[in-house]
Amino acid sequence: MTTSATRTVPATRDVAAACWLPPGLRESIDAMPGGSTLYRKRYDHDDEHMEVMFERLSPEALGHVIAVLRQRRREVLARRSVREIIDVLDRAAAKWLDPEYPPRRDTIAEIAFLTGFSPEMVAHAIEEEQVSSQGPHLLEALRNELGDPEFLDGFRPNPRTGGLSRAHGPGLVGAIFSSNIPALPHLEIMRSFLVKSACLGRVSAGEPIFLRRYAETLQELDPELASCLAIVYWERGDDECENLFLRSIDYLVAYGGDAQINRLLTARPPTLEGTWHGHRLGFTYVTREALAAGQDVRKLARSISYDFTIFDGFACLCPQVVLVEDGGDTSPVALARLCAEEMARWTRELPPRRLDLAGASRKQSFAQLCMMSDTTEVIAAPPDGSYLVTLEAMQRFEPSGGDRYLRIAPVSGRADLERLVGPLPRQYLQCAAIAAGGAAALHHELRELLASWGVTRIVPPGIMGRPSMMWHHDGVACLGRMVTWCDHELVVPELLLGRDVDALISDVERDPSATIGAALT
Amino acid sequence: MTAAAKLDERRRLCEQVAAFIRRADEGQDGERELEELALEVFAFQFGTIKPFQKFCRGVGRTPDTVTSWRGIPAVPALAFKQYSLFAAAPDAIAKTFRSSGTSEPGQSSQAHFSRAGLELMDTAVAASARPRLFPDGRRTRILVLTPPPEQVPHMIMVHGMAHLIKTYGLDGSRFVVGPKGLDFAALWTELDGCQQAGVPVSLLGSSFGFVHFFDWMEGERCRLELPAGSRLMDAGGYKGRSREIGRDAFVSWAAQMCGVVRERVINLLGMTELASQIYDWIAPGAPARAVTRMKLPPRWVRTEVVDPRRLGPDGPEPVGDGEVGILRHLDLANVERPIMIQSEDVGRYVSVDAGGAPQRGFEILGRAKGAEPRGCSLTAEDLASSPLRHGEHEARSASA
């Protein structure tokens, strides 16, 4: 727990732990001589500090964890139905959505201390993420990517193949987490369990709290299911652990910057498949139609400002720049002023992260450098650095870098959009918020353009930081990509079209010998 | 104000500040005069340095509202990388110093000086060295462990050291690094010669240059016993170098390797953005004192330790004794460049009671390097450094 210079250093058992093993596995690792080495990391902020306990497993111990997880997957996950699994995840979400859930308050305080995010922001993040972690969302996500979720429970009729289909998740999903979005990493535990894969996660030292707390919730609700999960840690550069991890898992999900992703791409066995969530870029585009008389421009400003506020802008989901067409009834500078007012309002509702001395100095200096510029107009720069709003003509797309820096660039139309966004590396492009008024044709034109450049999510302003579970995360069907299909085809292709395939399938199921007959008819 | 009037004003202020420095060097305190001069220089810069004027308006503190030097807005040192902060037309620039070898905009701080500005800086260089580096008034052979100004004309530290040679050096004083680098053996031979001949030496150089030289000496198992009156001055620190040495350890090591007393090992803080330098001040008397050295600015410089998170009417407020903050310097000798500079150095105030005369200076603890939280969002630098461009690597999609 958090201690200050005046408070006593907590006893070992009170120190927050980053890693988590199911109780049975914990006992066997503790019984292995040299199986795990505990050490504390100290997180300082001014005269306060907090310690978090990490542990490094010996290669033998990590190997044992991996073997047990695989076994538990066969014994537990493989025997549960998807709906049973979803039910537990749904109840976990309900726990975390309950303001009275006992671990919630400590979790928020600890994450806030370690990451610097305000407690209000951490609480908000937990709300947002757990709402979309509820059972119906998970079920829809599976439907969205697999069609029928029950393909994961056994062979099911599949009219499209004219037979039966079955989907299997990987045996063991390995996940490497990042820390920039507080309380998010449970997403990959859910995705693993949804496809009935055991999950071995490497927690990030930047936000080492939520994963263990979430694991404890699963343990509280369903110890059997929780026994398919382990949260471990190794230091960056500990190649021995990392290589063992990469060699032992069946699927990798990795979050991190370019350097981290590139390193993992090189280090992984070439056959190891994975999903990579690296650096991403987002932006907001406001057409003059959205700024026409009669449009609720105040609401638009509030929505845009929310997108720049959530996670203090330190998420791939946050926009970097607002491109605003001139020629509307509200000018870009007028919109910028409204955004400044709304940024101030959001600052009160969701206070910004705590700044250390260096961070505060840099933030202040940055705003001051903007003030000196001939080409940038500083619309709002409160002395405490809580946010910054500027307006400038942009020659090329220049990300604001987050931290509640709302950077507005007036543009004259689609040609400028193409000039600024078109040349961006497509693997970086992610979210675009579009405000284009009510004309469907205009929306259609814009989304075709954005998708062709590599944008993977288009939303109205105000929900950029709140993706649905159904989003093809970074353009990928994350669940669909994890599973391997087995299709039992019962009929020849020419019979598939123009026939009652359902009846055909049930006939063939009743009498498998009919397969040949069907083919020969 | 016409261009000619501005020119006159700039020259007049340079001369006035130079006169103030000379008087301060003679021991006059002049707090009131400093206040007046600082505000005058501020008003002049507000009228002549356009980005500075915009900045002052941005933070809401202009000559109309600022009544004390403490209220003059401090320009972030970083601004010298992006803007030309010079109180005259470009054709008045006689010399430009840079914080690194590159003149690429945004990469290196650039500080412009006119002829009058260079003269003023030279006055400040000599006046700040006299009481701290040469308090005994003794002439020494000054050997500088850097290339000469001709080779590195952009380095402000080398310019200053050349002026020290000119003002305080005996015959034979020189820069010892040639086009091929520093010949340690030759330097050692020269120092050994001084030792034999009883010529006192002042060894000047960058902190890291000394580390290399002492490493070499240790490898060669040689030591120096420099003649009485010898001294050593290192500038800067070990920022971003592979090896870090504590200040105290460096002083002991240097004293041991050169055979000088610890009190003759002096560190200097200089910045490309400042015309003045700040030397170590050594408490006279018992070395058993808890604090025996600190940085003590000369009288025409004021250093404050501020916390940007504590805001008062004059911007970030100074911290209390012992608390950690960011260093901010008022340098009267910066007549042509913003007079108040906020550095990226972290430090704290240090007070020493020197035999009934309390002195308050500061110490540097390091750089305010950013534990900047980084998300998965991309910054301009990432984008600029990314070799991947649209179309080139379409195969490497998000799920490649």
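Some remarks on the overall build of chain A
Turning to step 1, where the next piece is worked out: Tallying secondary structure elements over chain A gives 19 helices and 19 strands in all.
Turning to step 2, where the next piece is worked out: Along the three orthogonal principal directions, the C-alpha set of chain A runs to about 80 × 70 × 45 Å.
Turning to step 3, where the next piece is worked out: Per-residue burial over chain A gives 60% buried out of 521 residues.
Turning to step 4, where the next piece is worked out: Considering only intrachain contacts with a sequence separation of at least 6, the fraction spanning at least 24 residues in chain A is 75%.
Turning to step 5, where the next piece is worked out: A total of about 20000 Å² of accessible surface is found on chain A, and carbon and sulfur atoms cover 52% of it.
Turning to step 6, where the next piece is worked out: Of the charged side chains in chain A, 55 are positive and 71 negative, and the gap between their average positions amounts to 1 Å.

Describing the overall build of chain B
Turning to step 1, where the next piece is worked out: Looking only at helices and strands, chain B features ten helices and 17 strands.
Turning to step 2, where the next piece is worked out: Looking at chain B residue by residue over its 400 residues, the buried ones come to 52%.
Turning to step 3, where the next piece is worked out: Long-range contacts, defined as pairs at least 24 residues apart, comprise 67% of the intrachain contacts of chain B with a sequence gap of at least 6.
Turning to step 4, where the next piece is worked out: With the model as given, the accessible surface of chain B reaches about 17400 Å², and the carbon-plus-sulfur share is 50%.

Points about the sheet that holds strand 13 (residues 321-325) of chain A
Residue and element names in this part refer to chain A.
Turning to step 1, where the next piece is worked out: Here we have seven strands laid out as an open sheet, ordered 14-15-16-13-12-17-18, and mixed in their pairing. Lying at the two open borders of the sheet, with one neighbouring strand each, are strand 14 (376-380) and strand 18 (457-459). Across this sheet, the average inter-strand angle for adjacent strands is 25°, counted without regard to direction.
Turning to step 2, where the next piece is worked out: As paired elements, strand 12 (residues 281-286) and strand 17 (residues 429-435) share five bridges and run parallel to each other. Note on strand 17: the bridge partner recorded for valine 286 is alanine 435.

Brief notes about helix 7 (residues 184-197) of chain B
Residues and elements named next belong to chain B.
Turning to step 1, where the next piece is worked out: End to end, helix 7 covers 20 Å across 14 residues, agreeing with the expected 20 Å (1.5 Å per residue, within 8%).
Turning to step 2, where the next piece is worked out: Every buried residue of helix 7 is listed here: Leu187, Glu190, Leu191, Asp192 and Cys194.
Turning to step 3, where the next piece is worked out: Lining the buried residues of helix 7 we find strand 4 (141-144), strand 5 (174-175), strand 7 (181-182), strand 8 (201-206) and helix 8 (207-219).

Notes on the side chain of His277(A)
Residue and element names in this part refer to chain A.
Turning to step 1, where the next piece is worked out: With respect to the helices, strands and loops of the structure, histidine 277 is situated in strand 11 (residues 273-277).
Turning to step 2, where the next piece is worked out: Polar contacts involving the side chain of histidine 277 include one to the side chain of aspartate 474, which spans 2.6 Å.
Turning to step 3, where the next piece is worked out: Excluding its chain neighbours within four sequence positions, the residues that come into contact with histidine 277 are Glu188, Arg191, Val253, Ala254, Tyr255, Gly256, Ile261, His473, Asp474 and Cys478.

Details of the sheet that holds strand 7 (residues 172-176) of chain A
Residue and element names in this part refer to chain A.
Turning to step 1, where the next piece is worked out: As summarised here, the arrangement of the five strands in space is 9-8-7-10-11, forming an open sheet in which the pairing is parallel. Every interior strand has two partners, whereas the edge strands, strand 9 (229-232) and strand 11, have only one. Pairwise comparison of adjacent strand axes, ignoring direction, gives a mean angle of 15° for this sheet.
Turning to step 2, where the next piece is worked out: Here strand 7 runs beside strand 10 (residues 251-255); their pairing, made up of four bridges, is parallel. Bridge assignment links glycine 174 to a residue of strand 10, and that residue is leucine 252.

Details of the nonpolar core
Turning to step 1, where the next piece is worked out: Phe193(A), Leu200(A) and Leu218(A) are the most contacted members of the largest nonpolar core, which totals 113 residues.
Turning to step 2, where the next piece is worked out: The dominant element in this core, judged by the number of residues it contributes, is helix 3 (residues 82-97) of chain A, at seven residues.

Re the packing of helix 7 (residues 186-194) of chain A against helix 8 (residues 210-221) of chain A
Residues and elements named next belong to chain A.
Turning to step 1, where the next piece is worked out: Packing of helix 7 against helix 8 brings their axes to within 9 Å, and their N-to-C directions diverge by 40°. Here helix 8 runs oblique to helix 7, going by the angle between their axes. Across the interface between the two elements, His186, Ile189, Met190 and Phe193 from helix 7 touch Phe210, Leu211, Tyr214 and Leu218 from helix 8.

Side note on the pattern of salt bridges
Residues and elements named next belong to chain A.
Turning to step 1, where the next piece is worked out: A full pass over the atoms with the stated rule returns 66 salt bridges over all chains.
Turning to step 2, where the next piece is worked out: The residue arginine 91 makes a salt bridge to aspartate 87 at a minimum N-O spacing of 3.4 Å. Of this pair, arginine 91 and aspartate 87 both sit in helix 3, separated by four residues, roughly a single helical turn.
Turning to step 3, where the next piece is worked out: Overall, arginine 91 belongs to the partly exposed group, its relative accessible area being 36%.
Turning to step 4, where the next piece is worked out: Beyond isolated ion pairs, a larger network of salt bridges with shared partners links Arg298, Arg302, Glu341, Glu342, Arg345 and Glu349.

Here we look at helix 6 (residues 156-168) of chain B
Turning to step 1, where the next piece is worked out: Helix length check: helix 6 of chain B (13 residues) gives 18 Å between terminal C-alpha atoms against 18 Å at 1.5 Å per residue, within 8%.
Turning to step 2, where the next piece is worked out: Among all positions in helix 6 of chain B, only Ile156(B), Val158(B), His159(B), Gly160(B), Met161(B), His163(B), Leu164(B), Ile165(B) and Tyr168(B) are buried.

Here we look at the side chain of Ser128(B)
Turning to step 1, where the next piece is worked out: Structurally, Ser128(B) can be placed in helix 5 (residues 115-132).
Turning to step 2, where the next piece is worked out: At 2.6 Å, the side chain of Ser128(B) and the backbone oxygen of Ala124(B) are in polar contact.

Quick look at the environment of Ala230(A)
All names here are of chain A.
Turning to step 1, where the next piece is worked out: Relative to the assigned elements, alanine 230 resides in strand 9.
Turning to step 2, where the next piece is worked out: Judged by its relative accessible area of 0%, alanine 230 is buried.
Turning to step 3, where the next piece is worked out: Each C-alpha atom, one on alanine 230 and one on leucine 355, is 33 Å from the other, the two residues being 125 residues apart in sequence.
Turning to step 4, where the next piece is worked out: If we skip the residues at most four places from it in the chain, alanine 230 touches Trp20, Leu21, Val65, Leu69, Cys199, Leu200 and Gly201.

A word on the confidence of the model for chain A
Turning to step 1, where the next piece is worked out: Looking at chain A as a whole, its pLDDT mean stands at 91, while 95% of the residues score no less than 70.
Turning to step 2, where the next piece is worked out: This stretch, residues 1-13 of chain A, has a pLDDT under 50; its non-local contacts, to residues over four places away or in other chains, come to 27 contacts.

Overview of unusual backbone geometry
Turning to step 1, where the next piece is worked out: Phi at Lys196(A) is positive, roughly 60°, even though this residue is not glycine.
Turning to step 2, where the next piece is worked out: Tracing the backbone shows Lys196(A) in the loop between helix 7 and strand 8 (198-202).
Turning to step 3, where the next piece is worked out: Looking at Lys196(A), the relative accessible area reads 6%, which means it is buried.
Turning to step 4, where the next piece is worked out: Although it is not a glycine, Arg221(B) adopts a positive phi angle of roughly 55°.

A word on the pairing of strand 9 (residues 231-235) of chain B
Residue and element names in this part refer to chain B.
Turning to step 1, where the next piece is worked out: Most of strand 9 is tucked away: five of the five residues are buried.
Turning to step 2, where the next piece is worked out: The side-chain alternation of strand 9 yields two buried faces, one formed by Arg231, Met233 and Ala235 and the other by Leu232 and Asp234.
Turning to step 3, where the next piece is worked out: Sheet topology note: the strand 8/strand 9 ladder contains five bridges and is parallel. Note on strand 9: the bridge partner recorded for glycine 205 is aspartate 234.
Turning to step 4, where the next piece is worked out: The pairing of strand 9 with strand 10 (residues 265-269) spans four bridges and is parallel. Within the sheet, the bridge partner assigned to aspartate 234 lies in strand 10 and is asparagine 267.

Quick look at the packing of aromatic side chains
Turning to step 1, where the next piece is worked out: Taken as a whole, this structure holds 23 aromatic pairs over all chains when the rule is applied.
Turning to step 2, where the next piece is worked out: Seen in terms of ring centroids, Phe52(B) and Phe55(B) are 6.3 Å apart; in terms of plane orientation they differ by 50°. Their pairing is tilted. With Phe52(B) and Phe55(B) both in helix 3 (residues 50-59) and three residues apart, this pair spans about one turn of that helix.
Turning to step 3, where the next piece is worked out: An aromatic cluster is defined as three or more aromatic residues linked by ring pairs; in this entry it consists of Phe184(B), Phe210(B), Phe213(B), Phe214(B), Trp216(B), Phe250(B) and Trp253(B).
Turning to step 4, where the next piece is worked out: Stacked on the ring of Trp346(A), the Lys or Arg Arg302(A) has its end atom at 4.0 Å from the ring centre.
Turning to step 5, where the next piece is worked out: Taking NZ or CZ as reference, Arg354(A) lies 5.3 Å from the ring centre of Phe113(A), over its face.

What counts as what
- Residues numbered from 1 in each chain as written.
- Chains lettered and ligands numbered in written order.
- Predicted model: local features only at pLDDT ≥ 70, side-chain atom pairs only at ≥ 80, totals over all residues.
- Heavy atoms only, no water.
- Helix = DSSP H or I, 4+ residues; strand = E, 2+ residues; numbered from the N terminus.
- Buried < 20%, exposed > 50% of the residue type's maximum accessible area, 1.4 Å probe, protein only.
- Contact = heavy atoms within 4.5 Å.
- Areas by Shrake-Rupley, 256 points an atom, 1.4 Å probe, with all protein chains shown as cover.
- Lys, Arg positive; Asp, Glu negative; His and termini not counted.
- Charge placed at Lys NZ, Arg CZ, Asp CG, Glu CD.
- Pairing = 2+ DSSP bridges.
- Axes fitted to C-alpha atoms, helices over the stretch in contact; angles between N-to-C directions.
- Expected span 1.5 Å × (residues − 1).
- Polar contact = N/O pair within 3.5 Å; in protein donor to acceptor, adjacent residues only side chain to side chain.
- Core = buried A, V, L, I, M, F, W, Y, C linked by side-chain atoms within 4.5 Å.
- Parallel < 35°, antiparallel > 145°, perpendicular 65-115°, else oblique.
- Salt bridge = Lys/Arg side-chain N within 4 Å of Asp/Glu carboxyl O.
- pLDDT = per-residue confidence, 0-100.
- Phe/Tyr/Trp six-rings, centres within 6.5 Å; stacked < 30°, edge-to-face > 60°.
- Lys NZ or Arg CZ within 6 Å of the ring centre and 35° of its normal.

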